[in-house]
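Listed below are the residues making up each chain.
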Amino acid sequence: MDRLNERAELMGRMLDTIGAMKNVPVSMQADMDLRSAAFRCINCRETDTCMRWLEEHPDGAERALPECPNAELFNSWLDT
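Scope of this entry: the structure provided in the associated data block. (Residues numbered from 1 in each chain as written. Predicted model: local features only at pLDDT ≥ 70, side-chain atom pairs only at ≥ 80, totals over all residues. Heavy atoms only, no water.)

**Some remarks on the nonpolar core**
What counts is decided by this rule: As used here, the term nonpolar core means buried Ala, Val, Leu, Ile, Met, Phe, Trp, Tyr and Cys residues forming a set that is joined through side-chain atoms within 4.5 Å. A simple rule labels every residue: compare its accessible area, found with a 1.4 Å probe on the protein chains alone, to the largest value its type can have, and call it buried under 20%, exposed over 50%, or partly exposed in between. A run of H or I in DSSP counts as a helix once it spans at least four residues, and a run of E counts as a strand once it spans at least two, with each numbered from the N terminus. Contacts between residues were defined by any pair of non-hydrogen atoms, one from each residue, lying within 4.5 Å.
Formed by 19 residues in total, the largest nonpolar core has its most connected members in Met14, Ile18, Cys50, Trp53, Leu65, Phe74 and Trp77. The greatest single-element share of this core, amounting to five residues, is contributed by helix H1 (residues 2-18). Not counting residues up to four positions away in its chain, the partners in contact with Met14 are Cys50, Trp53, Leu54, Ala64, Leu65 and Phe74.

If you want it as structure tokens, here you go:
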């Protein structure tokens, strides 16, 4: 459970950091996309990189960490 909680927090922080949280679509497809994103995040091997990147961007960033397996999805929500 600790890993799930840690990854959920990282995912939320990433969305907040790039400003995508407010643009997450409300739809069945978006719900499926979020479930897939959570699965990718739980299985990601870049956790330390992610944590460092988030610490280095306390005031936000224009795009998600390139190594993030969800970067393409999260960045797409910026363009809506």
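**Things to note about empty space enclosed by the protein**
Selection rule: In the cavity and pocket records, a cavity denotes points on a 1 Å grid over the protein atoms alone where a 1.4 Å probe fits but cannot get out, a pocket denotes an open set with protein on both sides within 12 Å along at least 5 of 7 lines, and lining residues are residues with an atom within 4 Å of a point. Grid points are joined across faces, edges and corners, and a volume is the space filled by probe spheres set on the points. Three categories are distinguished: nonpolar for Ala, Val, Leu, Ile, Met, Phe, Trp, Tyr, Cys and Pro, charged for Asp, Glu, Lys and Arg, and polar for the others, with Gly belonging to the last.
For the structure on display, the rule yields one cavity of 30 Å³ or more. The volume enclosed by the largest cavity comes to roughly 120 Å³. At the level of elements, H1 and helix H3 (47-56) are the ones that each hand at least two residues to the lining of the largest cavity. Among the residues forming the lining of the largest cavity, the class breakdown is 10 nonpolar, two polar and two charged.

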